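Secondary and tertiary structure notes
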Amino acid sequence: MFDSILVVCAGNICRSPTAEYVLKSKLANKNITVSSAGLTALEGKSADSIAKQVAEPYGINMDNHQGRQLNSQLIAQNSVILVMENRHLTDLFSRYPEARGKTFLLGKWIGDKEIPDPYRKSIEAFEHVYTLIDSACSAWQKYL
């Protein structure tokens, strides 16, 4: 099946790290590595403090996260790539055509929902995004 998943968003400090750590939690009994990166990453930055605060009550700890930039090596190393929005698909395919066929919306199995960016928004926005990410990751479990 799949042995590695890369989760991608824009800055790699809110959505993709949240999805990375949620997937790691849900796939703990499987031999699948999960990591994340950003199309316009805030390299070396920790996960957004509100994203961490919202995830913590669910047992998700993102303290070790550091933002990193997407590159062709990461594309090649991962068997599945999950993105947050349709525009991420377009951007990723224009930069890395080799990603076609293994890149999907994280929200594919919950009605092709896009996961909106909560960056610099209210805690309610982060809570909404966390709920979407958790639902999407649960839906992916049976395919991974």
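Refer to the structure printed above.
Observations concerning the sheet that holds strand β3 (residues 80-83)
With parallel pairing, four strands are arranged side by side in an open sheet as β2-β1-β3-β4. Of all strands in the sheet, those with a lone pairing partner are β2 (33-38) and β4 (103-105), marking the two edges. Shown here is a sheet whose adjacent strand axes are inclined to one another by a mean of 25 degrees, direction ignored.

Brief notes about the pairing of β3
The alternating pattern of β3 places V80 and L82 and I81 and V83 on opposite faces, both of which are buried. Bridging between strand β1 (residues 4-9) and β3 involves four bridges; their strand directions are parallel. If you follow I5 over to β3, its bridge partner there is V80. Pairing analysis gives three bridges linking β3 to β4, with the strands arranged parallel. In the sheet register, V83 faces β4, and the bridge partner there is L105.

Observations concerning the environment of D112
Topologically, D112 is positioned in the loop between β4 and α5 (123-141). Along the backbone, D112 and M84 are 28 residues apart, and their C-alpha atoms lie at a distance of 9.9 Å. Setting aside chain neighbours within four positions, we find D112 in contact with L105 and G107.

Comments concerning the environment of L132
Here L132 is to be found in helix α5. Judged by its relative accessible area of 11%, L132 is buried. Non-local contacts of L132, meaning those with residues more than four positions away in its chain, are made with I110, K113, E114, I115 and P116.

Let's talk about α5
Its 19 residues give α5 an end-to-end C-alpha distance of 27 Å, which sits within 8% of 27 Å, the value for a rise of 1.5 Å per residue. Here α5 has its buried residues at F126, V129, Y130, L132, I133, A136, C137, A139 and W140. Lining the buried residues of α5 we find α1 (15-26), α2 (49-55), β3 and β4.

About the criteria used
- Residues numbered from 1 in each chain as written.
- Predicted model: local features only at pLDDT ≥ 70, side-chain atom pairs only at ≥ 80, totals over all residues.
- Heavy atoms only, no water.
- Pairing = 2+ DSSP bridges.
- Helix = DSSP H or I, 4+ residues; strand = E, 2+ residues; numbered from the N terminus.
- Axes fitted to C-alpha atoms, helices over the stretch in contact; angles between N-to-C directions.
- Buried < 20%, exposed > 50% of the residue type's maximum accessible area, 1.4 Å probe, protein only.
- Contact = heavy atoms within 4.5 Å.
- Expected span 1.5 Å × (residues − 1).

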